Amino acid sequence: QVQLVESGGGLVQAGDSLRLSCAASGRTFEIKVMAWFRQAPGKDRELVAHINWIHGVTYYADSAKGRFTISRDNGVNTLYLQMNSLKPEDTAAYYCAARTRNGGLGYYIQRTEYDYWGQGTQVTVSS
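Criteria and thresholds
Residues numbered from 1 in each chain as written. Predicted model: local features only at pLDDT ≥ 70, side-chain atom pairs only at ≥ 80, totals over all residues. Heavy atoms only, no water. Pairing = 2+ DSSP bridges. Helix = DSSP H or I, 4+ residues; strand = E, 2+ residues; numbered from the N terminus. Axes fitted to C-alpha atoms, helices over the stretch in contact; angles between N-to-C directions. Buried < 20%, exposed > 50% of the residue type's maximum accessible area, 1.4 Å probe, protein only.

Caption draft 1: Fine view of the pairing of strand E3 (residues 18-26). With six bridges joining them, strand E1 (residues 2-7) and E3 adopt antiparallel strand pairing. Looking across to E3, one finds that Val5 is bridged to Ala23. When E3 meets strand E8 (residues 78-83), the two strands line up antiparallel, connected through six bridges. Bridge assignment links Leu20 to a residue of E8, and that residue is Leu81.

What follows is the structure in structure tokens.
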């Protein structure tokens, strides 16, 4: 089992920055990929970015590329999402997710690719 707890959300203005954190515990040695998803009310949960836990290779959705940075600190089992130049359309509940299954080269975009989820942290961006 892996437990994930997000923190760092809040209410900010357009153009501001925010850093989200996700603390992982339990069988963290099983983690292969970690990701940030977000979900606005009435919309599907969508991938923001993911990172290979061992090698650090990253992937960003077009909406996040150039503004957001995903990173991890393996030593303290923590995932981060640095969000800059925030826009009102970034408003959503943000969730971290962990994949523990082995797999080949994949995009890891779908929710079903991940095995564990945090409870979410709300980010609200006002104009």
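Caption draft 2: Main features of the sheet that holds E3. Taken together, four strands build an open sheet; the order of strands is E1-E3-E8-E7 and the sheet is antiparallel. Both edges of this open sheet fall to E1 and strand E7 (68-73), since each of them pairs with a single strand only. Each adjacent strand pair in this sheet contributes to an overall mean axis angle of 15°, direction not counted. The pairing of E7 with E8 spans six bridges and is classified as antiparallel.

Caption draft 3: A look at unusual backbone geometry. A positive phi is found at Ser85, a non-glycine position, where the angle reads about 50°. Looking at the element boundaries, Ser85 is found in the loop between E8 and strand E9 (92-99). Classification of Ser85 by relative accessible area gives partly exposed; the value is 40%. One non-glycine residue with positive phi stands out, namely Tyr108, at about 55°. With respect to the helices and strands, Tyr108 occurs in the loop between E9 and strand E10 (116-117).

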